[in-house]
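Analysis of the macromolecular model
Each chain, letter by letter, is given below.
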Amino acid sequence: MKLYDENDPAPNPRRVRIFLKEKGVEIPLVHTSLGKLKHKAPEFLEKNPLGQLPVLELDDGTCISESVSICRYLESLYPEPPLFGSDAKESALIDMWIRRAEFRLMQPIGQIWVNTHPFTAQVVAARGGRQYTEYGESNRAVLASGCKLLDRELASRDYIAGDHYTMADIVAQASLDFGRLIGAGIPEQCANLNAWYARVRARPSATEDLSRSLLKPKEAKAIS
Ligand SMILES: N[C@@H](CCC(=O)N[C@@H](CS)C(=O)NCC(=O)O)C(=O)O
């Protein structure tokens, strides 16, 4: 089994690395450079036709993409500590919060990145496309409302889906780390969400080997 991976700060492969660290499990990582477009090479498209990272390749050649699906598979192999819940109610609540973190945090952050950031402007232009800046900017309000939703929830519990750290925290944490990097951070007034963010960032799983970051050391340190 091996994981096709890209370094910090790519948020989706990062989810899987955080998950593995929480489990205390190491698997071989195959560095697949986004910058060098390795994820669009024909041999990679055979593994994931969407040309995206991460991808988990099993020993029988089966390829699983989608970071949450990869983590669900790994959870079955390494059940302790449970990060997708221990009973039906917990599992459903974690799933609900994973989906909300995807739709209310990662999605607007992704649109801000694709449609407003100077770095992606070059990438989009090179592919003959364009940025929809006004649409990208409108996602700042969507992100702020997602942050406020979580802020209200975190008034009464320590973690996003309950009293324990779970996959929902990993999805939110990796998304918000990336958001911070691109200037789409957590609003200051979200005190409960900011306190949660400090808590999850203090976990050993959140620390990365910054020498592998795609960013300059100072930028990488800022989001680590
Ligand atoms: N929903 C997917 C998203 C995967 C994704 O967008 N990965 C990014 C890297 S963080 C990527 O490969 N982007 C390149 C592209 O979309 O062309 C997941 O959770 O794995």
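Calculation notes
Think of each chain on its own: its residues are numbered from 1, step by step along the sequence as written. A pLDDT threshold of at least 70 governs which residues receive local features in this predicted model, and a stricter bar of 80 or more applies before side-chain atom pairs are shown or counted, although totals over entire chains, interfaces and linings include all residues. Working from all heavy atoms in the structure, the side-chain values ignore hydrogens and water. One heavy atom within 4 Å of a molecule or strand makes the whole residue count as near it. Side-chain atoms alone can form a polar contact between residues adjacent in sequence; in general such a contact is a pair of N or O atoms within 3.5 Å, and within protein one must be able to donate a hydrogen while the other accepts it. Here the accessible surface of atoms and residues is derived via Shrake-Rupley with a 1.4 Å probe, and residues count as covered only by protein chains that are part of the display. Counting from the N terminus, the helices are DSSP H or I runs at least four residues long and the strands are E runs at least two residues long. In this entry, domain limits derive from an automatic or database-based domain assignment. Here a residue-residue contact requires only that any non-hydrogen atoms of the pair lie within 4.5 Å. What gets called buried area is simply the loss in accessible area from a 1.4 Å probe that two parts show on being joined, summed for both. The salt bridge criterion pairs a side-chain nitrogen of Lys or Arg with a carboxyl oxygen of Asp or Glu, the two atoms within 4 Å. Under the scheme applied here, ten amino acids are nonpolar (Ala, Val, Leu, Ile, Met, Phe, Trp, Tyr, Cys and Pro), four are charged (Asp, Glu, Lys and Arg), and all others, including Gly, are polar. Two rings from Phe, Tyr or Trp (for Trp, the six-membered ring) form a pair when their centres are within 6.5 Å of each other. A pair whose planes differ by under 30 degrees is stacked, one over 60 is edge-to-face, and the rest are tilted. Type-normalised accessible area, obtained with a 1.4 Å probe on protein chains alone, sets the label of each residue: buried when under 20%, exposed when over 50%, and partly exposed for intermediate values. Only Lys NZ and Arg CZ are tested; either one counts as a charge over a ring when it is within 6 Å of the ring centre and within 35 degrees of the ring normal.

Section: the site of the ligand
Near the ligand lie 14 residues; those nearest to it are Lys40, Gln52, Leu53, Glu66 and Ser67. One nitrogen or oxygen atom from the main chain of leucine 53 is found 2.8 Å from a nitrogen atom belonging to the ligand. When the ligand sits alone it has 510 Å² of accessible area, and the protein chains cover 77% of it. Among the elements that make up the shell around the ligand, the one with the highest residue count is helix H1 (residues 11-23) (four residues).

A closer look at the domain arrangement of the chain
Parsing the chain into structural domains produces domain 1 (2-77) and domain 2 (88-223). Of note, the centres of domain 1 and domain 2, computed from C-alpha atoms alone, are 19 Å apart. Counting from both sides, the interface comprises 19 residues of domain 1 and, opposite them, 28 residues of domain 2. For the pair domain 1 and domain 2, the summed buried area comes to about 2,000 Å², and 55% of that belongs to carbon and sulfur atoms. In this assembly, domain 1 and domain 2 are joined by four salt bridges. For arginine 72, the salt bridge goes to aspartate 95, with nearest N and O atoms at 2.7 Å. Remark: the boundary between domain 1 and domain 2 carries seven residue pairs in polar contact (both at pLDDT 80 or more). Sorting the residues of the side of domain 1 that touches domain 2 by element identifies H1 and helix H3 (67-77) as the ones contributing at least two each. Of all the elements, H1 adds the most residues to the side of domain 1 that touches domain 2, at eight residues. Its residues placed into classes, the side of domain 1 that touches domain 2 shows eight nonpolar, one polar and 10 charged.

Structural notes on the packing of aromatic side chains
Under the criterion given, the structure shown has six aromatic pairs. Residues tryptophan 113 and phenylalanine 119 carry aromatic rings whose centres are separated by 5.7 Å and whose planes lie at 10 degrees to one another, so their mutual orientation is stacked. Where tryptophan 113 meets phenylalanine 178, the ring centres are 5.2 Å apart and the plane angle is 85 degrees; that geometry is what we call edge-to-face. Of this pair, tryptophan 113 sits in helix H4 (residues 88-116) while phenylalanine 178 sits in helix H7 (residues 167-181), and the two are 65 residues apart along the sequence. For phenylalanine 178, a relative accessible area of 7% gives the class buried. Grouped by ring-pair contacts, the aromatic residues Trp113, Phe119 and Phe178 constitute a single cluster. Lying over the aromatic face of tyrosine 197, arginine 201 brings its terminal NZ or CZ to 5.0 Å of the ring centre. Lying across the ring of tyrosine 165, arginine 203 places its NZ or CZ 3.7 Å from the centre.

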